[in-house]
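# Summary of the model geometry
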Amino acid sequence: MCGIAGYIGPREAVTVVFDQITRLEYRGYDSAGVAFGTERGIAVLKKAGKLNNLGQLIENEKPAAHIAMAHSRWATHGGPTDENAHPHYDQSGRIAVIHNGIIENYYELGEALKSKGHEFRSQTDTEVAAHVIGEEYAESGQFVEAVRRAVRRLRGAFAMVVMCIDEPDKIVTVRNASPLVLGIGEGENFLASDIPALLPYTREVVIMDEGDLAVLTRNEIYLEDAEGKPKLPKKIHIDWDIEAAEKGGHEHFMIKEITEQPQSIRQCLAGRLLKDETVALPETFSINDWKRFDRVIILACGTAYHAGLLGKYVFESLLRMPVEVLYASEFRYNNPIVRANDLVIVISQSGETADTLAALRVAKEGGAKTLGIVNVVGSNIARECDAVLYTQAGPEISVASTKAYTAQAALLTLIALHMAQHRAADKEKYQRLIAELERLPDHIEACLKNNEAIVRIAEHIKDTPLIFFLGRGADAAVAMEGALKMKEIAYIPTQESPAGEMKHGPLALVTDGVVAVFGVTNPPTREKVISNIKEIKARGGTVVTVVLESDTVTPAESDYVIRIPHIDSHAIAAITSVVPLQLLAYHVARLRGCEIDQPRNLAKSVTVE
Ligand code: F6R
């Protein structure tokens, strides 16, 4: 999810690639670096912090190169430091690498290389990849072949760019699930992780397919597929303006981030959900600790709090372990009881929310172990927790959180499954949950295909004065999040609660023209929810339901139906069902002409209490 740029040609290469990564600045980053050809080999300049810091180094050095690559890093492995910034060299210093994504097996590979005497200067998975390529190069003496062979040894989702001292007229690049685009010029060629970085230079691009390897020289682009078969680069002409390109052709960052969710969930599960149906979280606590915890307290605000509510459902149903989900903004004012055997999970996308940070400090004073679920690497909350699991969802730019929420929910599910490996848990539920969690990216992909149907529903409900969001079980937790999205970006008042609570008061608000959105993803409670649907309809309300595609009963009771795949675990069905609710809020807001990415009165990172 970081920024990648590369250039070979007659222009001053470092200036070009630095400009390219500057054009990707909107994506967020925490350090940056360049590698460029010199008479003596490949030089690297890199620096933590803003791009200006790297710019200063370049200014001092004044490189005159005709081949270069640059990277802006958004940390996933190792904090945002100078050493961890890309590019990284291999053991011999003859190969330099930049990379986006995650190498899942970096730990095993790194340990094996260390036993052969390799020394690493950073904590990154990228440096391990550079050493693997270097090892293959030492053996074969062939640059391109070394990259080919090394890639076969790497597991994960990544895009990689490689330079070699001995072949100063070539850049080799490989795409494996993370985006890479090549830009075609006259006597020059470019590459980048995103189209906006190419647009000032060329509008003729080749979007690399998964598994493709490309070799760029000044006058040629050689491309081969995952099997090593050469293929003709398929050129396309881009006529978007730069702003549209930053959003990947989407109108807003929010919709871009909604559609990124299959990929962000895959990144979140990578290296944690293993092929043998176990969960590995080595960066957390000892097995004894995992056995010792007898209660979980989840602290968070806003959307992250709603993910916590889903976590409670998962923990309690799988482990029969008590879980409290508390607003971080209230925690320290409510005489919190924290004990040494508590596991306190603190959830925050930004890692900087002042209330959440304050609650974390109170929990630490109480003697509990603290575990952060954080998206921004190196943030305050990440640093202060005893252990941290990064959501690996990539930068979230839209103020309304979407992909961070699903990644937080997925990570909470992983933690519950991990705990279940070390204590009594329902085996059948474990199997169902892990199997459906693995399929979560596919389930979300299927939901995204319903976009057009959701646009039509949005057209019908966009002027309603009030929307209820209702459900039972985990659907009630998701109702909270669906409502928050609707009110924060579409400015429509909402009323959210468990469906059974309606008759205890809120039902008084139902009149003609009011809309109720029901999550109905749990067959055992379906009949009860249908009774609640009838209560709304009898009073003139319009009903939208989100149902499993196997459900033949609820659609007959609904005015509008959104189908999600049939999913055998209620928790995973509920997580999936948030995607149509995100899309509904997005389209209602768009049709109402709202300022979607920056809703009024709200900020992305809330650093005041
Ligand atoms: C809503 C939203 C907020 C945040 C909340 C906590 O879309 O984004 O409710 O979830 O401000 O922020 P983090 O997760 O950064 O602690």
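Residues numbered from 1 in each chain as written. Predicted model: local features only at pLDDT ≥ 70, side-chain atom pairs only at ≥ 80, totals over all residues. Heavy atoms only, no water.

### Describing the sheet that holds strand β10 (residues 189-192)
Whether parallel or antiparallel, the strands of a sheet pair through hydrogen bonds between backbone atoms. Spatially, eight strands are ordered β3-β2-β4-β1-β10-β9-β11-β15 in an open sheet, and the strand pairing comes out antiparallel. Edge strands, defined here as strands with exactly one partner in the open sheet, are β3 (42-48) and β15 (235-237). Looking at each pair of strands side by side, their axes are set apart by 20° on average, direction ignored. Two strands pair when backbone bridges link them, and strand β1 (residues 3-8) and strand β4 (residues 67-73) are joined in this way by six bridges, in the antiparallel orientation. Bridge pairing in β4 links Gly6 to Met69. Relative to the sheet, helix α2 (residues 51-61) contacts β2 (31-37) and β3, its axis offset from that of β3 by approximately 145°. (Pairing = 2+ DSSP bridges. Helix = DSSP H or I, 4+ residues; strand = E, 2+ residues; numbered from the N terminus. Axes fitted to C-alpha atoms, helices over the stretch in contact; angles between N-to-C directions. Contact = heavy atoms within 4.5 Å.)

### Thoughts on the nonpolar core
Judged by nonpolar contacts, the single largest core of 95 residues is most densely connected at Phe315 and Ile345. Residue-level mapping places this core at the junction of two domains, with at least three residues from each of domain 2 (250-438) and domain 3 (441-609). With residues up to four places along the chain from it excluded, the contact list for Phe315 reads Val296, Arg320, Met321, Val323, Ile345, Leu412, Ile415, Ala416 and Met419. (Core = buried A, V, L, I, M, F, W, Y, C linked by side-chain atoms within 4.5 Å. Buried < 20%, exposed > 50% of the residue type's maximum accessible area, 1.4 Å probe, protein only. Domains from an automatic or database assignment.)

### Notes on the environment of Thr391
Along the chain, Thr391 falls in the loop between β20 (387-390) and α14 (403-420). Residues Thr391 and Arg592 lie 201 residues apart in sequence; the distance between their C-alpha atoms is 32 Å. Reaching out from Thr391, the side chain makes a polar contact with the side chain of Asn375 at a distance of 2.8 Å. (Polar contact = N/O pair within 3.5 Å; in protein donor to acceptor, adjacent residues only side chain to side chain.)

### Brief notes about the pairing of strand β19 (residues 369-374)
Within β19, five of the six residues are buried, which leaves it mostly tucked inside the rest of the structure. Direction of pairing for strand β18 (residues 342-348) relative to β19: parallel, over a ladder of six bridges. The residue of β19 that forms the bridge with Ser348 is Val374. Tracing the backbone out of β18, into helix α12 (residues 354-365) and back to the parallel element β19 gives a crossover that is right-handed. Sheet analysis places β19 next to β20, joined by four bridges and oriented parallel. Bridge pairing in β20 links Gly372 to Val388. (Right-handed = clockwise from strand over helix to strand, strands pointing away.)

### Overview of the site of the ligand
The immediate surroundings of the ligand are formed by 15 residues, with Ser348, Gln349, Ser350, Thr353 and Glu488 found nearest. At 2.9 Å from an oxygen atom of the ligand is found a main-chain nitrogen or oxygen belonging to Ser401. Glu488 is positioned with one of its side-chain polar atoms (N or O) 2.5 Å from an oxygen atom of the ligand. Summarising the interface, the protein chains cover 89% of the accessible area of the ligand, which totals 410 Å² for the free molecule. Elements with a minimum of two residues in the shell around the ligand: α10 (302-319) and α17 (474-490). Across the shell around the ligand, the residue classes tally to six nonpolar, seven polar and two charged. Both of domain 2 (250-438) and domain 3 (441-609) provide at least three residues apiece to the shell around the ligand. (Near = heavy atom within 4 Å. Areas by Shrake-Rupley, 256 points an atom, 1.4 Å probe, with all protein chains shown as cover. Nonpolar A, V, L, I, M, F, W, Y, C, P; charged D, E, K, R; others polar.)

### A few points about the side chain of Asn100
Mapped onto the secondary structure, Asn100 falls in strand β6 (residues 95-103). In this structure Asn100 comes out as buried when scored by relative accessible area, which is 3%. Side-chain polar atoms of Asn100 contact the side chain of His71, separated by 3.1 Å.

### Here we look at unusual backbone geometry
Backbone phi values are negative for most residues with the exception of glycine, while trans is the configuration of most peptide bonds. Of the consecutive residues His86 and Pro87, the connecting peptide bond is found in the cis state with omega at 0°. Its place among the elements puts Pro87 in the loop between β4 and β5 (88-89). The phi dihedral of Asn335 is positive, around 45°, even though this residue is not glycine. By the secondary structure assignment, Asn335 is in the loop between α11 (328-331) and β18. The phi angle at Tyr491 is positive, at roughly 55°, despite the residue not being glycine.

### Observations concerning α14
Its 18 residues give α14 an end-to-end C-alpha distance of 26 Å, which sits within 8% of 26 Å, the value for a rise of 1.5 Å per residue. Among the 18 residues in α14, 18 count as buried, and that is most of the element. (Expected span 1.5 Å × (residues − 1).)

### Observations regarding the packing of α10 against α17
Relative orientation of the contacting elements α10 and α17 amounts to 170°, with a least axis distance of 8 Å. One finds that α10 runs roughly antiparallel with respect to α17. Contacts between α10 and α17 involve Gly302, Thr303, His306, Leu309, Leu310 and Tyr313 from the former and Ala474, Ala477, Val478, Met480, Glu481, Leu484 and Lys485 from the latter. Split by residue class, the contact of α10 with α17 holds eight nonpolar, three polar and two charged. (Parallel < 35°, antiparallel > 145°, perpendicular 65-115°, else oblique.)

### With respect to the packing of aromatic side chains
Evaluation of the coordinates by the stated rule reveals six aromatic pairs. Seen from their ring centres, Tyr305 and Tyr327 are 3.7 Å apart, and the 15° between their planes marks the pair as stacked. A residue pair is termed long-range when its members are at least 10 positions apart, and Tyr305 in helix α10 and Tyr327 in strand β17 (residues 323-327) qualify at 22 residues. By way of ring pairs, the aromatic residues Tyr7, Phe190 and Tyr201 are connected into one cluster. The side chain of Arg600 reaches across the aromatic face of Tyr491, ending 3.7 Å from its centre. (Phe/Tyr/Trp six-rings, centres within 6.5 Å; stacked < 30°, edge-to-face > 60°. Lys NZ or Arg CZ within 6 Å of the ring centre and 35° of its normal.)

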